[in-house]
Each structure stands twice: as C-alpha cells, then as structure tokens.
Amino acid sequence: MHTITLNAPDDFEGWRAGAKAALLAGLGPEDVLFAVEGQGGGLFADKSPLPPPNPAVKPPTVPKDFIPLANLTVCHSDPERFALLYRLLHRLQGDRTLLKQRADADTHRINILAKEVRRDLHKMKAFVRFRKTGEVAAPDGGVTEQFVSWFEPTHYTVRYGSGFFVRRFASMHWSILTPKGCAHWDGENLTFSEAVPKSEAPADDALEDYWKSYYAAIFNPARLKTQAMQSEMPKKYWHNLPEAALIPDLIEKARERENAMIEADPTTPREGMMRHREVVVEETFPDRDTIETLEDLRASLKGCRACPLWEPATQAVPGKGPAHAPIMFVGEQPGDKEDLAGEPFIGPAGQVLRGVLSEIGHDPDNIYVTNAVKHFKFEPRGKRRLHKNPTVKEIDHCKWWLNREIELVQPRVVVALGGSAVRALTGKSGTIKALRGGAHPLTHLDRALSMVVTNHPSYILRIPETDRAEQARQGLMDDLRFALSL
C-alpha cells in the first residue's frame, strides 16, 4: 500500500495532487493510504514513491460538484475521510452520475460529512468572540489594536472559514486560536500556525461587561424558545461565550420579565394626546414654499390628513436629528412608543440602531432619523396595539413629507431600513437581499445622493435564535459601516 503524506489535516490541495497522481498510476482505493505529516501511516505504510503514470490510464475528470464537496469533506475530523474521498473519486471515473445517487453508501456518507462541516463553519461564524489584547505596529507606521479569540471547533474548519473573518474584520489585526490550528490576520496577510492550548488565549477584556449589558438588554423573554435556542447555540460552546453566563438567569426570569413588559406596555394614547389630536385643523399638503425649515415641516405635519392613518394614531411623528446631517436613516413607520412620545426610533428597534452605531464608533446623535410613513398603523388586540405594515398606497401618500425632509436636511447618504423605506425613496418595491451590499444613486430628487439598503433593526428583534440574531446584527453593523464610509 502506497502512502501519500499530507502537510496538514485539512490539506485539500495535497490530497488533490496525491489523488490525481494515484489515479494516473492506476492505483485502486485498496492500494493507497493517506496520512498527515507527523501522524504516521500505520502498519501498512509504504514510503516508496508512487508508480509512474500508466499510459493506458486516461486523465481523471470529475463532475463540477465534486471539488467543493471534497474541499468541505477534507475539513472533517473523520480519520476515514481521505480514503472515502479517493474511493468515490476512483468510482466516478466509471460512473459520472454517482453524486446524484443519494442511496449510494459513499455518496450518502460524503454528504453527511460535508453537512457537518458546514454546520461547524456556521457555528464558528456565530460564536467567535474577539477580545482586545493590546496594540501592535500598523503597516503605515502607526499602531493598531490587536484582538484574539479562542474557539473550539469540532472539525478542521479554521483555514476554510478564515476568509469570512478577513472580509468582515478587514481593518482589524486578529488571531483565532483553536486546538485544531490557528489563523492570523495583520490587515494585509492571512497566515496559519499550529494548534495551541486554551491558556494561550486571553481570559477577558474591558469591553466584555458592555457586551453582556447589551446582550441582556436585547434578550426578548416573550420570544424565548429554550429548546430551539439550545439547538442553535449548543451548550458545548457556552464556556467560551461571555454572554452565556447570563443565559440561565435570563431563562429563569423570562416569564417574570414578560409579564412586566405586558404590564408596562403603553396600550392606548394618553388623554392629553387625544385632546391635542382633536383640535388640529384638518388640511392636506401645504404649499412647498411655505416649509423652509425642519421646524416648519414638523408644525405642518401635525395637520396631515392625506390618508386614513391619522385618525386612530395619537400624532404624526416627524424626523429628528441635526439640521444638515450628512447621513439620514429612513425606517418604516413609528411604533407604539414613538406614537405616544412623538419621536422616532425611541423604542426597542431604536435602541438596537443606537447600540450598533455606538459599537462602530459613530455618535447616534449625529444622524437624522425619520420614517417613510409618519403615523402609527396598528391593529387593536385587546388592550394592546399591534404593528401592521403600511400599504404601498399609504407609503406613496407620505412620500411628499419624506422628500421635503431630504431637501431640507440635504444628506449625502440615505440608509433605507427595510422594504417600506426602499419603496418611499425609489417609488419601486425591491427585496432587501437583492439591494444590500452597495450604494444606489437616487436621481429623482433635485440633488444626487447615495442610498444604502439594509434590514430594519426590528428584523433582528424578531429572530428567536440567538446566533441568527447575532449574525443579522453583524450584517446591520457591516452595512452601516459601509454607509458611513461613503
């Protein structure tokens, strides 16, 4: 049996080159043994070189689906993965449809291994927590902060998954330490090193208490599903997550907090607000030239009767922020708390938005926030008022006010938080997924500006799984960083 030595447990290129050479030499699965450098090849190892290519053997070919599947499988910790891959590769030379035969034992097994590696990569992206360890020299001659994370993957996923962290944290200097290998990024180069013990990783950092406070604040007891949470956030990861120490207490007190939220939740407009609403003189859109300032706009907005939403709502909610903010955030509509207070983004979604902005180093008070629709649309449910999405007609009715706000504030960038904002800004409906990731020019206004599209912060609050909610929050953070960079 001929031994092909690989440089690392996840050495896909080494396996690929060795497997190709073995096929060209005419060796069957029973003739080849793959071994990782330093781990030996067992009793049947043969250190002699592979036989030369057999002229009678055709160059090997594989279906296009095999390479990405094999790349994932090599990252698995199953010691038989290399043999399985070569056996399947050898069989594919005679049957190109093998990967479509899900009942085949080898095809079934390789798909299971690949699925388990994908899950491990997903957990790595969700549960890596960087801790600040100090400062290092930057390429430009200055200094930059250094961050280190300790993670315990089930499989050899560090090399495969490190590209995700390079893209997401491109400006940071970071290291991911694991018992299955380490990855290091210095802002320009990605390198890898041998596994290290947990003692090499930092225990905590100064920002950890802030993160715990934030996690506790966004924990929604009304959406708690313990079984689903533990499925998406298995307990084996908890001892490396700073927020995990809070989970048992948050679960224990969830019902108590939920009851408190129900009791504290404002359900009907205050009597004073109702009286104020009744004395407002009905009118339609004012003359555009009479609104010269944001104060004029707020005063005029109180009398808007352009659509039926004004009647059940407490009051119209105008935008808020610096008169000439360089960036404007446009949401969907006021919520229950905003309707009562008369200010945008002061409820749970607003807290998420302010928290994300603060975390990326931007003062939330230096942005202008408003909504596509200025009145709260809701459905009475007992003593509560439940949010309802505005219709396209209602969004279009309110577009006049939004356009005037943009003209007065004159931002350079507008961030559309959700589909209703996209409709209000462009006059067209579009999916958030298709529009995210770039800047879109707005040309229907008198001045040119850029639009960045992302999810509304309330989307994060509706996700019950902790790791998915964290991924959505990280996605919002990336989108806001991009918007601010413009």
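On a predicted model such as this, the values are computed, not experimentally measured, just so you know.

Chemist: What am I meant to see in the overall build of the protein here?
Modeler: The secondary structure content of the protein amounts to 18 helices and 14 strands. Taken over 486 residues, the protein has a buried fraction of 47%. Counting only contacts in the protein whose residues sit at least 6 apart along the sequence, the fraction spanning at least 24 positions is 71%. For the protein, the accessible surface area stands at approximately 24600 Å², while carbon and sulfur atoms represent 52% of it. Charged side chains in the protein number 63 positive and 64 negative. The centres of these two groups are separated by 5 Å.

Chemist: What is the right way to read the packing of helix 14 (residues 392-409) against helix 15 (residues 419-426) from this model?
Modeler: Between two packed helices, both the angle of their axes relative to each other and the distance between the axes serve to describe the pair. Look at helix 14 against helix 15: their axes get within 8 Å of each other, and the N-to-C directions meet at 65°. By the angle between their axes, helix 14 is roughly perpendicular relative to helix 15. For the pair helix 14 and helix 15, the crossing hand works out as right-handed. On the side of helix 14, the interface is formed by Val392, Ile395, Asp396, Lys399, Leu402 and Ile406, while helix 15 contributes Ser420, Arg423, Ala424, Leu425 and Thr426. Its residues assigned to classes, the contact of helix 14 with helix 15 comprises six nonpolar, two polar and three charged.

Chemist: For this particular structure, what's the right way to read the packing of helix 13 (residues 348-359) against helix 18 (residues 466-485)?
Modeler: The geometry of helix 13 relative to helix 18 is characterised by a closest axis approach of 10 Å and an angle of 60° between their N-to-C directions. Here helix 18 runs oblique to helix 13, going by the angle between their axes. When the axes of helix 13 and helix 18 are compared, the crossing they make is right-handed. Only Arg473, Leu476, Met477, Leu480 and Leu484 of helix 18 make contact with helix 13, whose side of the interface consists of Leu353, Val356, Leu357 and Glu359. Tallied by class, the residues present in the contact of helix 13 with helix 18 amount to seven nonpolar, no polar and two charged.

Chemist: What should I look at first to understand the nonpolar core in this one?
Modeler: Soluble globular proteins tend to pack their nonpolar side chains together in the buried interior. One finds Phe130, Phe165, Trp174, Phe329, Leu353, Val415 and Leu480 to be the most contacted residues of the largest nonpolar core, which totals 51 residues. Sorting elements by how many residues they give to this core places helix 18 first, with six residues. Among residues more than four places away in sequence, those in contact with Phe165 are Met124, Lys125, Val128, Phe130, Ala170, Trp174 and Ile176. Grouped together as the second largest cluster of nonpolar side chains are 34 residues, Leu309, Val330, Ile432 and Leu442 included.

Chemist: Would you explain the sheet that holds strand 7 (residues 190-193) in this entry?
Modeler: Strand pairs in the sheet, formed through backbone hydrogen bonds, run parallel or antiparallel to each other. An order of 3-4-5-6-7 is seen for the five strands of this open sheet, with the pairing classed as mixed. Looking at the sheet topology across the chains shown, the edges are occupied by strand 3 (131-137) and strand 7. Neighbour to neighbour, the strand axes of the sheet diverge by 20° on average, direction disregarded. Where strand 3 meets strand 4 (residues 143-150), six bridges bridge the pair, whose relative direction is antiparallel. Looking at strand 4, one finds that Lys132 is bridged to Phe147. Its contacts with the sheet put helix 5 (residues 158-168) on strand 5 (173-177), strand 6 (182-185) and strand 7, and the angle it makes with strand 7 is roughly 150°.

Chemist: So what exactly am I meant to see when it comes to the pattern of salt bridges here?
Modeler: Oppositely charged side chains can form a pair if their charged atoms are brought close together. Applying the stated criterion to the full structure yields 24 salt bridges. Residues Asp339 and Arg385 are paired through a salt bridge, measuring 3.0 Å at the closest nitrogen-oxygen approach. One end of the pair, Asp339, is in helix 12 (residues 336-341); the other, Arg385, is in strand 11 (residues 384-387), and 46 residues separate them in sequence. Taken together, the salt bridges that share partners define one network made up of Arg87, Arg91, Asp104 and Asp106.

Chemist: I would appreciate a short explanation of the pairing of strand 6 in the present structure.
Modeler: Where a strand is regular, its side chains alternate between the two sheet faces. Examined bridge by bridge, strand 5 and strand 6 share three bridges and lie antiparallel to one another. Across the sheet, the residue bridging to Ser175 is His184, located in strand 6. What sits between strand 5 and strand 6 in their antiparallel hairpin is a turn of four residues, with Gly181 showing a positive phi close to 120°. Of the strand pairs in this sheet, strand 6 and strand 7 are connected by four bridges, and their pairing is antiparallel. Residue pairing for strand 7: Ala183 is matched across the bridge by Phe192. As consecutive antiparallel partners, strand 6 and strand 7 are separated by four residues, and within that stretch Gly187 has a phi angle of approximately 95°, a positive value.

Chemist: Got a minute to help me understand the packing of aromatic side chains in this structure?
Modeler: Each aromatic ring pair is specified by the distance between its two centres and by the angle formed by the two planes. Enumeration according to the criterion identifies 15 aromatic pairs in this entry. Consider the rings of Phe165 and Trp174, whose centres lie 6.2 Å apart with planes at 65°: the pair is edge-to-face. The same class applies to Phe165 as to Trp174, namely buried. Ring pairing ties together the aromatic residues Phe12, Trp15, Phe34, Phe66, Phe82 and Tyr86, which thus form one cluster. Across the ring face of Trp310, the terminal group of Arg305 is positioned such that the distance to the ring centre comes to 3.9 Å. Directly above the ring of Phe378 sits Arg385, whose terminal nitrogen or CZ lies 4.8 Å from the centroid.

Chemist: Looking at this structure, how should I read the sheet that holds strand 13 (residues 439-442)?
Modeler: Strand order in this open sheet of five strands is 9-8-12-14-13, and the pairing throughout is mixed. Bordering the open sheet on either side are strand 9 (368-371) and strand 13, each of which pairs with just one other strand. Strand-to-strand twist of the sheet, defined as the mean angle between neighbouring strand axes without regard to direction, takes the value 30°. Of the strand pairs in this sheet, strand 8 (residues 327-331) and strand 9 are connected by four bridges, and their pairing is parallel. Among the inter-strand pairings, Phe329 is bridged to a residue of strand 9, identified as Val369.

Chemist: Mind showing me how you'd approach helix 5 here?
Modeler: Count 3.6 residues to each turn of an α-helix, and residues three or four apart come out pointing the same way. Listed as buried for helix 5 are Val158, Gly161, Ser162, Phe164, Phe165 and Val166. Buried positions along helix 5 lie against helix 4 (105-127), strand 5, strand 6 and strand 7.

Cut-offs applied
Residues numbered from 1 in each chain as written. Predicted model: local features only at pLDDT ≥ 70, side-chain atom pairs only at ≥ 80, totals over all residues. Heavy atoms only, no water. Helix = DSSP H or I, 4+ residues; strand = E, 2+ residues; numbered from the N terminus. Buried < 20%, exposed > 50% of the residue type's maximum accessible area, 1.4 Å probe, protein only. Contact = heavy atoms within 4.5 Å. Areas by Shrake-Rupley, 256 points an atom, 1.4 Å probe, with all protein chains shown as cover. Lys, Arg positive; Asp, Glu negative; His and termini not counted. Charge placed at Lys NZ, Arg CZ, Asp CG, Glu CD. Axes fitted to C-alpha atoms, helices over the stretch in contact; angles between N-to-C directions. Parallel < 35°, antiparallel > 145°, perpendicular 65-115°, else oblique. Left-handed = near helix turned anticlockwise from the far one by under 90°. Nonpolar A, V, L, I, M, F, W, Y, C, P; charged D, E, K, R; others polar. Core = buried A, V, L, I, M, F, W, Y, C linked by side-chain atoms within 4.5 Å. Pairing = 2+ DSSP bridges. Salt bridge = Lys/Arg side-chain N within 4 Å of Asp/Glu carboxyl O. Phe/Tyr/Trp six-rings, centres within 6.5 Å; stacked < 30°, edge-to-face > 60°. Lys NZ or Arg CZ within 6 Å of the ring centre and 35° of its normal.

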